[in-house]
Amino acid sequence: MKRLTWFALAFTLIATGFAAKTPYQAVLQHSRIRGRSHGPNVCAMQNIQGSDKKYFTNCKQWYHRKICGKPTVVTYECCPGYEKVTGEKGCPAALPLVNIYKTLGVIGATTTKMYSERANLQEEIEGPGSFTFFAPSNEAWAALPTEILDALVSNVNIELLNALHYHMINKRLTSDDLKHGASFPSMYQDLNVHIQHYSNGVVTVNCARLVKTDQHATNGIVHVVDRVITAITNNVNSLIDTDDDLDTLRTAVAAAGLTSLLENEGSYTIFAPTNEAFEKIPPETLTRILGDPLALKGTFALLQHEALFILLPQLLPLSRWLEELAEGSVVTTASKLFKDAGLTDHLIGSEAVTLLAPLNDAFKDKSLAMTPDMKKLLRNHILKERFSSKNLYHGQELETLGGVKLRVFVFRNSLCIENACIAADDKNGRFANMFIINKLLTPPMGTVMDVLKADNRFSTLVGIIQRAGLTELLNKKGTYTFFAPTNAAFSAMPPELANLLKYHIGEEFLVSGAVTSHTRVTPLTGDKLELGTRNTTVYVNRVPVVEADLMATNGVVHAVDVIVLRSHSSRKMSRVQ
């Protein structure tokens, strides 16, 4: 299959600058502002009267109470990813993070869930992987013409499965990743789906509007769309031919003799400069080139596999070593340490690896002496394979050069490898990739009980755990989060030791990098623990964590110097944020 990639027509496509936010992000933020008087994570929506269509809106639409000239009424609902809690204002709780199949039910896409089961897709979207699922709403399935729906459900193992796979991409893509004009290969024969943004904040995939975005799952992400998406049938040239903003591009394509090529079958990506972009080229230069077919054709080069590129040196990706990616960046300290540890060959060779590079700030107040332990730790910051963060999934294990297997944890707003969370987009080199992480990795050093026994600060706690009969619990397989009281916390120790300690142990794994406002953890006994952050400190029921992320094979320990008590005031944790 031929693939045509245009990096702009003509010699100079100078970027006119990018907005800080996409139109979608802008209207979502505006809707949050309009809804905040109703509580945390509430969004104001405009519902077109007489229909079920709801929109996040901008200021103009808000004041006019109209969308596309149609009158609207304002409604308030939870922003994407949050839910209500009985007796509390707004939407303070994050939706449960489960696999894609269960997420379809949580967000109300129950028809898509049902058809996924019928088409034998359930096992795939429950299992390991990292997928993006554009899930049609229940209303979208109901609006599908009867003859099309009948054809799908009468052949669930082929037609329905193919249709659902056309709604899926084999990596995690948030709304931030769905750039205007982008195309992504679907999981049905690699046929592309196409993304469009509009100034009113609407984002579409093959003309289907995204109505609920960024519904995170342990094995990917779900975006609910308002129709069942279908293939795009127009060829590239017909799109250029019918868009008035591409008049100059149309002239250039014809002058270069590319019209027939763009009418042929293929898989093409066009970064198409508008008339306004061409106006930024000096008029005499543009006139000379458009009037000289040989000069115009000279800007094109035919590369391998008959892929056609328009050469723009300032836009072509650089094939760089990992060492070069780190130069002049926010990970220069880590880069120097990797070299001092004798790991340079992995940074400049042709080996397919992934470098986990901590931010410079991660080394504050830490010794940089190149001890044997530091060398061992740095080897465990290099993964044996080349990974993309978009393909990581919850529970995945990544083997390091040091032979240690690191665990991947997917949270609603964070993607973490052990205690370290990815802090920036991937940096892709010639043979290897780099993940920038927010702290030095701490591979697990035994069970939760092992971690506590190895640290003298918890000697009193260890004795109490043993007397309370909880040793077996903290040694067995699990995903515990233990807010562990240090010796200093036991100066005013209440009775009922076992239940009190169980209130300090969460049922789910949570590292500090995944804590945001209104984060909640369900303890083994008692009401939910309320977590938040202020500056760089994590709080649990207003108690500060004095040291976070002591990693264990069956969980994580966070040290606290004060006993965490049940308190109604903990419901007001948002004031700490």
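The text that follows walks through the structure, step by step, so that each part is easy to find. Computed from a prediction, not measured in an experiment: that's the story for all the values here. (Residues numbered from 1 in each chain as written. Predicted model: local features only at pLDDT ≥ 70, side-chain atom pairs only at ≥ 80, totals over all residues. Heavy atoms only, no water.)

1. Focus: the layout of surface pockets
Rules: A cavity here means a set of 1 Å grid points, computed over protein atoms only, where a 1.4 Å probe fits but cannot escape. A pocket is an open set with protein on both sides within 12 Å along at least 5 of 7 lines, and lining residues have an atom within 4 Å of a point. Grid points are joined across faces, edges and corners, and a volume is the space filled by probe spheres set on the points. Secondary structure elements follow DSSP: runs of H or I of four or more residues count as helices, runs of E of two or more count as strands, with numbering from the N terminus.
Roughly 1300 Å³ of volume is contained in the second largest pocket. As for the second largest pocket, its lining consists of 48 residues, and the residues nearest its centre are Asp52, Lys54, Arg209, Val211 and Asp226. At the level of elements, α1 (23-35), β2 (42-48), β3 (54-55), β5 (70-78), β6 (82-83), α6 (138-143), β12 (203-205) and β13 (208-217) are the ones that each hand at least two residues to the lining of the second largest pocket. Considering each element in turn, the lining of the second largest pocket owes the most residues, five residues, to β13.

2. With respect to the state of the cysteines
Rule in force here: Count a disulfide wherever a pair of cysteine sulfur atoms falls within 2.5 Å. Between buried and exposed lies partly exposed: a residue is buried under 20% and exposed over 50% of the maximum accessible area for its type, with that area taken using a 1.4 Å probe on protein chains only.
Under the criterion given, the structure shown has three disulfides. The side chain of Cys43 participates in a disulfide bridge whose partner is Cys79; the two sulfur atoms lie 2.0 Å from each other. Since a negative S-S torsion denotes a left-handed disulfide, the Cys43-Cys79 link at about 105 degrees is right-handed. Here Cys43 is found in strand β2, whereas its partner Cys79 is found in the loop between β5 and β6, with 36 residues between them in sequence. Looking at Cys43, the relative accessible area reads 0%, which means it is buried. Two residues, Cys78 and Cys91, share a disulfide whose sulfurs are 2.1 Å apart. Judged by the sign of its S-S torsion, about -85 degrees, the bond between Cys78 and Cys91 is left-handed. Here Cys91 lies in the loop between β6 and β7 (93-94) and Cys78 lies in strand β5, a separation of 13 residues in the sequence. A relative accessible area of 0% means that Cys91 is categorised as buried. Regarding the disulfides, the protein chain carries the connectivity 1-3, 2-4, 5-6 under sequence-order numbering of its bonded cysteines.

3. Notes on the packing of aromatic side chains
What counts, and what does not: Ring pairs shown here join Phe, Tyr and Trp side chains whose ring centres sit within 6.5 Å, with only the six-membered ring taken for Trp; geometry is labelled stacked below 30 degrees between planes, edge-to-face above 60, and tilted in between. Any Lys NZ or Arg CZ found within 6 Å of a ring centre and within 35 degrees of that ring's normal is scored as a charge over the ring.
By the definition in use, this model includes five aromatic pairs. Above the ring of Trp62, the side-chain terminus of Arg65 is found at 4.4 Å from the ring centroid. One cation-aromatic arrangement involves Arg209 over Tyr55; the distance from NZ or CZ to the ring centre is 3.9 Å.

4. Considerations on helix α18 (residues 372-379)
For clarity, the cut-off: Working note: the arc is built from the helix axis to C-beta atom directions. The contact criterion used is simple: two residues touch if any of their non-hydrogen atoms lie within 4.5 Å.
Within α18 the residues assigned to the buried category are Met374, Leu377 and Leu378. Looking down the long axis of α18, one finds its buried residues gathered within 95 degrees of arc, a one-sided arrangement. Structural note: α18 exposes Pro372, Asp373 and Lys376 on the side pointing more than 90 degrees away from its buried face. Looking at the buried side of α18, the elements it contacts are α16 (332-340) and β19 (382-383).

5. Regarding the environment of Ile505
Along the chain, Ile505 turns up in strand β27 (residues 505-506). The exposure class assigned to Ile505 is buried, which follows from its relative accessible area of 1%.

6. Things to note about the sheet that holds strand β20 (residues 397-399)
Filter applied, for reference: Paired strands, as defined in this entry, are two strands with at least two bridges between them according to DSSP.
Read from one edge of the open sheet, four strands run β20-β21-β22-β23, paired in antiparallel fashion. Because the sheet does not close on itself, it has two edges, and the strands there are β20 and β23 (420-421). Sheet topology note: the strand β21 (residues 405-410)/strand β22 (residues 415-417) ladder contains three bridges and is antiparallel. By the bridge assignment for β22, Phe409 is matched with Cys416.

7. A closer look at the sheet that holds β3
For clarity, the cut-off: Axis definition: a line fitted to C-alpha atoms, over the contacting stretch in the case of helices. Angles run 0 to 180 degrees between N-to-C directions.
Taken in spatial order, the four strands line up as β3-β2-β5-β4 in an open sheet, and their pairing is antiparallel. One side of each edge strand has no neighbouring strand; the edge strands of this open sheet are β3 and β4 (66-67). Sheet analysis places β2 next to β5, joined by seven bridges and oriented antiparallel. From the neighbouring strand, Cys43 faces β5, where its bridge partner is Glu77. Here α1 sits on the sheet in contact with β2 and β5, set at roughly 105 degrees to β2.

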